[in-house]
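Structure assessment
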Amino acid sequence: MKTIFQPKNWFSLLFLALLILACKTENRTNSTSNSTNDVELNKEQGQAFIQDDEATPNVLNIAIGSPDHTTLVAAVQAADLENVLVNAGPLMVFAPTNEAFDALPAGTVEDLLKPENKEALSNILKHHVTPGNYDKEFLKKFKKLGQANDQNTTVEVKGDDVYVGGAKILASIPAGNGIVHVVDKVILPPNE
Amino acid sequence: MNNIKSNFKLKQMKKISYSVMALFAAATLFTGCNQQGSANGALSSSAAEKVYVAPGEQDEYYAFLSGGYSGNLTVYGLPSGRMFKEIPVFSQFPTSGYGYSEETKPMLNTSFGFVPWDDLHHPDISQTNGELDGRWIFVNGNNTPRIARVSLSTFETEEIIEIPNSAGNHSSSFITENTEYVIAGTRFSVPVPQRDMPINEYKGNFKGALSFISVAPETGRLDIKFQVLMPGFNYDLSHPGRGASHGWHFFSTYNTEESNSLMEVNASQNDKDFIAAVNWKKIEEYVNNGGGTKMAANYAHNVYNDETHMGTTTMKKEVLTVDPTEVPGAVFFLPTPKSPHGCDVDPSGEYIIGAGKLSADLTVHSFTKMLSAIEGEKFDGEAYGIPILKFEDVMAGVVRSGGLGPLHTEFDGKGNAYTTFFISSEVVKWQLGSWEVIDRKPTYYSVGHLMIPGGNSRKPFGKYVVAMNKITKDRYLPTGPEMEHSAQIYDISGEKMELIYDFPTHGEPHYAAGCPAELLRDNSKKIYRLDENKHPYAVTSPDQARVERSGKEVHIYMSTIRSHFTPDNIEGIKVGDKVYFHITNHEQDFDVPHGFSIIGQNTSELLIMPGQTKTSIWEPKQVGVWPFYCTDFCSALHQEMQGYVRVSPASSSLPLSWSLGE
């Protein structure tokens, strides 16, 4: 222990002291500059980020877990819609496959993922969400659905198939907070 | 130190010391900057200062949170989020004996018999000239339709009136500007009068009753003045006009489709439902001039009297109903998109806000525009004889919120409105008039109602907003599958909302009402005066204590004072008797209640406030000597505050006797 107090080490001590001081000063400026701010909010805060391996996966978990929906998940993340999809809902999500996104004109997805187009992207994604929880059979009772972006979309029955906004339901996965219908097309909001 | 060995040793030690130093430095870096993090942190310390009410200090505001399915009302302080009291209203409450004691059982009587529970939704504080006056708070029972009036002096339920012809009493209990009326709209339409009929003949046959319950200015006594029998829609929420729109009341509706099954689909077919605008002054005038039809009915009116400490039930047999088409100019429909839930009126009374719950946007109607549309008779058809105004003619603006699932709006009195969004889980602040969104803050999670003290009056106190959430998840330490609902407090004194606190609530808060502490603090009752006690079984001095038998009924007139019951030894009680313990608390000191409980009591204990008398029934089933005791730690000799009742066989001829200290 004695060695700590050898002259050679004074320099390190001084350095340390400076560090502490530096931190303190920084601290002070921080607290003044932020005094009008909120309790610190992390972007990744909210229901979407709660660890839960007991409850049935929610619609977001299902999308994230699907290798066929990586584009959709990237879009949801770019639009910051994670927390909306884990809500009590109930939420019915029409989830276009990667293939469906690929079928859009070249460059469309890349454009939509740009930060400046966040609102347009969000609008399109919300057009794929209905507040409700209906299986494919039950959907046949509807002529139209009111989507979360405030526009309606159509429901058509052709034989055994159900088309929502022109997109065919390929598969359906019940979720903890609703249901995910996998669809073969991106459902574009109607122009008003 | 000269030899190599020691040099080597020294080097090694230096090495060690350098690494210790490095570690230390690293640790400082971390802790130093962590401290900075938690003082980020100094952010939260500024939030902490805002909600910190030092020990011994008191809060700025009272907040009354609905308890939802607890059936009760809870009292909190703001900004601390501390709970002060749970006021039993529609539910039995063993903590005080409410609904168990003989005096309070009548409070829960209905035409369906004794109903010891309800779903308490929307508290509203009495007003004078559109400002909170702090006399009473009104709440609604949603399930077995009832309205209750709670005194803000005793903080006890004083009156409950049942609402006939109603079911799912949800668009209640909202107070007009001078507390002329408590308004209670039915959520579920039903056959009026009730009868045996096929459910699928709902459409065109069911009615939605909107009840206008008058409040006597001095006593607060409730009386159903009239019921407007509206078409069979669902009347969801409502708010009174104020200022220029005083005299009107606005109700949101859904299921204008009048479907009777699978409502989640069938009640969302119409793009627009209505906000019903009801000119109650006009209808009041009509009924005062003899208008309306008296209809046979059966409903309970329960009143608690502070002097007799006793509740009584009167069954009422008649209600005055009004057909809205008989009163031209009294009722209009304002088309409003997407099954509106919340229906809120801004402090000026000009704007009526409808929150389409499946929508992203809010629709704001203008009272002035509504009046000119009515005057110009610009109608867009009618529904069951009630004129429908044109959407474009009454709409003042649309708030493009960017959120999802708007529910309720409150106001800060500075030209701003605050709306909750359930699906996107946030509170959005926007400006009245420009309809611009100013700020948005997340809630944790899925917010239902919000409350600004006075936020639905002419004079809001726009310092804090409380967001009451439906989902808690990870906000607090987990307590199994069932958790209390979370609430967040935001400071709204600045341009941006600032989240400052998070606290659990009790039951499920549907709406709340708040007011400045000084409005109530000095009126809060401390004791009931013993010399004003008019309870028929009260004993105002211990020498009146006695036991009387009348057949199998035994009445024990008992008093309590620190630290004994008078009498405390009772003999001559027999198996099969019905024993009434009437206990008067002789304390006249603030916050010194006494409790009473006896082994095998089939109800609950009693908690008796100073100067009060309460009664508990005990039906002894077994021979023996049975103890009773005080349940409230009243004094240093609380443990000594006990007594015995000797119970003899039914055939015994032992005479009644009672004593203390003999």
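From a predicted model like this one, the values you see are computed outputs, not experimental measurements.

About the thresholds
Residues numbered from 1 in each chain as written. Chains lettered and ligands numbered in written order. Predicted model: local features only at pLDDT ≥ 70, side-chain atom pairs only at ≥ 80, totals over all residues. Helix = DSSP H or I, 4+ residues; strand = E, 2+ residues; numbered from the N terminus. Buried ≥ 20, exposed ≤ 12 C-beta atoms within 10 Å, placed from the backbone. Contact = placed C-beta atoms within 7 Å. pLDDT = per-residue confidence, 0-100. Domains from an automatic or database assignment. Nonpolar A, V, L, I, M, F, W, Y, C, P; charged D, E, K, R; others polar. Pairing = 2+ DSSP bridges.

Here the focus is the overall build of chain A. Summing up its helical and strand segments, chain A has eight helices and seven strands in all. For chain A, with 192 residues in total, the buried portion stands at 33%. Pairs at least 24 residues apart make up 62% of the contacts formed inside chain A by residues separated by at least 6 positions.

Helix and strand counts for chain B stand at seven helices and 45 strands. Taken along its principal axes, the extent of the C-alpha atoms in chain B is 115 × 85 × 45 Å. By the burial criterion, 52% of the 662 residues in chain B qualify as buried. Residue pairs at least 24 apart in sequence account for 62% of intrachain contacts in chain B once pairs closer than 6 positions are excluded.

All right, on to the confidence of the model for chain A then. Across chain A, the average pLDDT comes to 79, with 76% of residues at or above 70. Here residues 1–11 of chain A is a poorly scored stretch, pLDDT under 50, and it has seven contacts once near neighbours within four places are set aside; other chains count.

Residue and element names in this part refer to chain B. Along its sequence, chain B is carved into domain 1 (104–464) and domain 2 (530–659). Using only C-alpha atoms to locate each centre, domain 1 and domain 2 end up separated by 46 Å. Each side of the interface is counted separately: domain 1 has four residues, and domain 2 has seven residues. Of the residues contributing to the side of domain 1 that touches domain 2, the split by class is one nonpolar, two polar and one charged.

Turning our attention to the pairing of strand 12 (residues 207–215) of chain B. Looking down a regular strand, the side chains alternate between one sheet face and the other. All names here are of chain B. Within strand 12, eight of the nine residues are buried, which leaves it mostly tucked inside the rest of the structure. Bridging between strand 12 and strand 13 (residues 222–231) involves nine bridges; their strand directions are antiparallel. By the bridge assignment, Lys 207 is partnered in strand 13 with Pro 231. The turn linking strand 12 back onto strand 13 is made up of six residues, and Gly 220 within it adopts a positive phi angle of 80 degrees.

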